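One letter stands for each residue in the lines below.
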Amino acid sequence: MFRYIDLFAGPGIYEDGNVSTPIMLARSIAQDYSLKDKVQFVFNDLYFSEELRANFEAEFPRGTFPKKAYFMDKEVGVYENIYAYLEKSTMKLGANGKTWWNEQPSLLFFDPFGYRGMRTVTLAKFLKNWGNEIFLFINTKRINPALENEQFEELMRLWFPTRFDTLKVEVRKQASVPARLEYILTSLREEFVKLLGDNRPVYCCAFRFQEEDSRTTSHYILHITKGFRGYDLCKSVYNKYANEDLVLHNGSNTYTFDPKKCANEISLFGDTLGAVEALKDLLCEEYKKRRINVLSLFEEHQKTSKYSREHYTAALRKAVKDGRAESEFTDGKNHKVSVLIDPACIVQFK
């Protein structure tokens, strides 16, 4: 069984008729027979729980999903049982008495539209269980000024339980608002690293939304995982919807959606030539004179970069085209492209 947990789920359908995350997600899962019988939905909303239940069951009558969906109406930040639920270990010892496995791998969407209710210690305990992942909605308009307001210090210390004092000093030294926001995101990742302990890897990737009428960032969706495969997948999804090209290792470490570009009828998927060119140069320098299969290169390098799988494919093909590398396939097949992320594809850098 897999759980999807949404603590601020909303009504399911807004007044303008648009659907929110619970309905959108359920529609996709209902069409996927490999997931439909395994997923359990856990929804909570202080104000819209019954409205969500009615909207959800109108489209998905009971029995659509074998696992019962739960609808709660508790206030996050006040109702302590929510934190106990998230912190509870779902790891079980296998029949052999040696191997541990997660009985209920879970994806948590934490969307408070501000800062109330966020407890990083709880989220770190949730993340410890194998297979658990988090999408965290961060409203920068509220968090950035809250760091400077003593009235919100208690809440901010729940966000940054080990780094708040350092963060409050260091964030002021950042040269620009974007730099401050990047520093805040980095500090949050470091909280998870410290709280998880044992030098466990923590992979974070952020998707940034720009304001419609300015260059100001309105909010982030931050993906947090311990698994590099989930990190790889999330970057590919973020890259699909980003429409602003970024040199990810030499600037903002986020994928960005700018609604102004859609208003000007510019392609939703943007132009990634700058990112591809930058990654090509980076790989040609780091792997100079090396011979390596492309899958090994990708899995080795992507763990420490924000570039997506699509960026790597395009960058390596560009390296071959520019004469900075040579490629060959060892599987005996006739391939129409010069590079694939596959163990049978070998790249020799010059």
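Moving on, we get to the sheet that holds strand 11 (residues 291–293). The three strands are arranged 11-13-12 in an open sheet whose pairing can be described as antiparallel. Each end of this open sheet is capped by a strand with a single partner; those strands are strand 11 and strand 12 (325–329). Taken over all neighbouring pairs, the strand axes of this sheet differ in orientation by 20 degrees on average, direction set aside. Across five bridges, the pairing between strand 12 and strand 13 (residues 345–349) is antiparallel.

To continue, consider the pairing of strand 2 (residues 39–44). Strand residues, when the strand is regular, have side chains that alternate between the two faces of the sheet. The element strand 2 is largely enclosed, with a buried count of six among its six residues. A two-sided burial pattern is seen for strand 2, the buried positions comprising Val 39, Phe 41 and Phe 43 on one face and Gln 40, Val 42 and Asn 44 on the other. One ladder, built from five bridges, connects strand 1 (residues 2–6) with strand 2; its direction is parallel. In the strand pairing of strand 2, Tyr 4 is matched with Phe 41. When strand 2 meets strand 3 (residues 70–72), the two strands line up parallel, connected through three bridges. Residue pairing across strands places Asn 44 opposite Met 72, the latter belonging to strand 3. With respect to chirality, the unit in which strand 2 leads through helix 3 (residues 49–59) into the neighbouring parallel strand 3 is right-handed.

Attention now moves to the confidence of the model for the protein chain. Close inspection of predicted coordinates is inappropriate for parts of the model with low pLDDT. Per-chain confidence: the protein chain averages 89 in pLDDT, with 92% of residues scoring 70 or above. pLDDT under 50 marks residues 263–270. Its contacts with residues more than four places away, or in other chains, come to twelve contacts.

With that settled, consider the sheet that holds strand 2. Paired through backbone hydrogen bonds, the strands of a sheet run either parallel or antiparallel to each other. Taken in spatial order, the eight strands line up as 3-2-1-6-7-9-8-10 in an open sheet, and their pairing is mixed. Each edge of the open sheet is held by one strand with a lone partner, namely strand 3 and strand 10 (254–257). Ignoring which end each strand starts from, the neighbouring axes of this sheet average 15 degrees apart. The sheet contact formed by strand 8 (residues 203–210) and strand 9 (residues 217–225) spans eight bridges and is antiparallel. Directly across from Arg 208, in strand 9, lies its bridge partner Tyr 220.

When you tally the buried positions in strand 8, you get seven out of eight residues, the bulk of the element. For strand 8 and strand 10, the ladder comprises four bridges, and the chain directions are parallel. Bridging from a neighbouring strand, Phe 209 pairs with Phe 257 of strand 10.

Right, let's get into the state of the cysteines. By the definition in use, this model includes zero disulfides. Cysteine Cys 204 shares no disulfide, and the gap to the nearest cysteine sulfur, in Cys 205, comes to 8.9 Å. Overall, Cys 204 belongs to the buried group, its relative accessible area being 8%. The structure places no disulfide on Cys 234, whose sulfur is separated from the nearest cysteine sulfur, that of Cys 205, by 5.4 Å.

With that out of the way, let us pick up the environment of Phe 164. Its place among the elements puts Phe 164 in helix 8 (residues 164–170). Put simply, Phe 164 and Glu 153 are eleven residues apart on the chain and 8.8 Å apart in space, counted from C-alpha to C-alpha. Among residues more than four places away in sequence, those in contact with Phe 164 are Leu 147, Glu 153, Met 156, Arg 157 and Glu 191.

About the cut-offs
- Residues numbered from 1 in each chain as written.
- Predicted model: local features only at pLDDT ≥ 70, side-chain atom pairs only at ≥ 80, totals over all residues.
- Heavy atoms only, no water.
- Pairing = 2+ DSSP bridges.
- Helix = DSSP H or I, 4+ residues; strand = E, 2+ residues; numbered from the N terminus.
- Axes fitted to C-alpha atoms, helices over the stretch in contact; angles between N-to-C directions.
- Buried < 20%, exposed > 50% of the residue type's maximum accessible area, 1.4 Å probe, protein only.
- Right-handed = clockwise from strand over helix to strand, strands pointing away.
- pLDDT = per-residue confidence, 0-100.
- Contact = heavy atoms within 4.5 Å.
- Disulfide = S-S within 2.5 Å.

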